[in-house]
Amino acid sequence: MYDFIDLALFIFLVIIFLNSRFANIVNTPPRTPSTPIMINRRGGARIPQRRIPLVPPPGREPEPPTLTNTYEARPEDIIEVKSILSKARNLPPELVDMILDRAEYWACSAAVIDYSNHPSNHISILGASPGEDQFLLRTEPLGLTKWSPSSQDLWRVESAPKQLQHEYPESKLQDLVEGPISTLEHPFRKVVFDITSRDQGWSSHHNDHGTYRSSFTWFDAGLERFDMDNECSPECPDRRTQEGSQDSTKIPTCAIRPIWPPVIANEGFNRDLRYHHELNPDAHHLIQRNKHAEKSMQHHHVEWSWDDDIDPESPAAETLVEAGRGAGTGNGEFVRNLKLGDMITVWGRARFMAWSNNIQRVEVKVYWAF
């Protein structure tokens, strides 16, 4: 048995060690791409120990976060630290995972789409138009550090509206994981959204200006998984890429299937599948509404954590709604239900004539424990 005081002291020293590594890294300003582009990158970014409250204080908007020190922890860095801790005191893997989790020493998958160098400085999604529901980006398959898209053409667009037939078992996906698998019950710890956008800047509902009430432009979080029963068509870009390959770990990009938004069959004679988009925001997928009738770009920082516990029917959930978020996004279920290989998508929405969702930048970071 380990002496409790000795163990507590050791954990304290480990946290100091990890923090000292972060403090030596100087934060560099982000570079803006010359053209609108979707960027997916691996690594890890340390966030402040005190997370922004899930529910903003009454009467006060949360300020955008400032990261004074950042550290891009590669998966191999985490593996090395775990090895050091295991050998230093012959600690069991479960205890090592608890120490790194307490220090928030997590791997991170980040996806960004930036339109700031677009001729109009943003793109616009128009309500009451065929494009009022627009796919914006997806994260790389969570935890699959050895996977990369075989087709960039398919990666940058929404997946084909097909039903998931046979989900990949975790045992097969683990071949695409670099290093040991986490012993934590819920290894995916946090999803962070940073969105810069605005609506059309005017409306006839003057009493709602500057609030999130009656705002008909917003962003939803979707979910995708790989289909083991996928078959590439003859013209599929993945088919040309995969021909002659015997590597079982090469999951094609065309095997991606939407879990949400759901797909349904058309009515009538044509029974082809299509995406089903609700008229109003889904309380369990709504990331953020735009503030009503704001002329300037607004930045929203939203965190979903595995240990969030706000009841969707509680007064605290109503506070989320007042902040433009989904009442059902504060209970942690979305993050806790994430599986190895899942991909999170972001969709931009606009409803009704004259409403416009003007989007400058969207970033999603997913933190997970090795």
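No experiment lies behind these values; they were computed from the predicted model shown.

A.B. asks: Which residues make up the confidence of the model for the chain, and what values go with them?
C.D. replies: Put simply, the chain has an average pLDDT of 83, and 77% of its residues get 70 or more. Scored below 50 in pLDDT, residues 44-50 shows 25 contacts in the model against residues more than four places distant or in partner chains. The low-confidence segment residues 62-70 (pLDDT under 50) makes 19 contacts with residues lying over four places distant or belonging to another chain.

A.B. asks: Please provide a residue-by-residue account of the packing of aromatic side chains, values included.
C.D. replies: Per the counting criterion, the structure on display carries eleven aromatic pairs. Look at F216 and F352: their rings are 5.0 Å apart centre to centre, the planes differ by 85°, and that puts the pair in the edge-to-face class. In this pair, F216 is assigned in the loop between β5 (188-198) and β6 (217-226) and F352 in the loop between β12 (343-350) and β13 (356-368), connecting sequence segments 136 residues apart. Note on F216: relative accessible area 23%, which makes it partly exposed. In this structure F352 comes out as partly exposed when scored by relative accessible area, which is 37%. Taking the centre distance of 5.4 Å and the plane angle of 85° together, the rings of F216 and W355 count as edge-to-face.

A.B. asks: Residues and numbers for the nonpolar core, please.
C.D. replies: Nonpolar side chains tend to gather and get buried jointly when the protein is soluble and globular. In terms of nonpolar packing, the biggest core is built from 53 residues, with F193, F226, I287, L338, V346 and V362 touching the most fellow members. The element best represented in this core is β13, accounting for five residues. With six residues, the next largest nonpolar core counts W106, C108, L184 and A369 among its residues.

A.B. asks: Explain the side chain of T211 to me, using residue names and the numbers behind them.
C.D. replies: Note on placement: T211 falls in the loop between β5 and β6. Within polar-contact distance, the side chain of T211 engages the backbone nitrogen of R213 at 3.1 Å. In this structure, T211 is in contact with K291 and H292, ignoring residues within four places of it in sequence.

A.B. asks: Any details on the state of the cysteines? Residues and values, ideally.
C.D. replies: Applying the stated rule across the entire model yields zero disulfides. C254 provides the cysteine sulfur closest to C232, a residue in no disulfide bond, and the two sulfurs are 3.1 Å apart.

Criteria and thresholds
Residues numbered from 1 in each chain as written. Predicted model: local features only at pLDDT ≥ 70, side-chain atom pairs only at ≥ 80, totals over all residues. Heavy atoms only, no water. pLDDT = per-residue confidence, 0-100. Contact = heavy atoms within 4.5 Å. Phe/Tyr/Trp six-rings, centres within 6.5 Å; stacked < 30°, edge-to-face > 60°. Helix = DSSP H or I, 4+ residues; strand = E, 2+ residues; numbered from the N terminus. Buried < 20%, exposed > 50% of the residue type's maximum accessible area, 1.4 Å probe, protein only. Core = buried A, V, L, I, M, F, W, Y, C linked by side-chain atoms within 4.5 Å. Polar contact = N/O pair within 3.5 Å; in protein donor to acceptor, adjacent residues only side chain to side chain. Disulfide = S-S within 2.5 Å.

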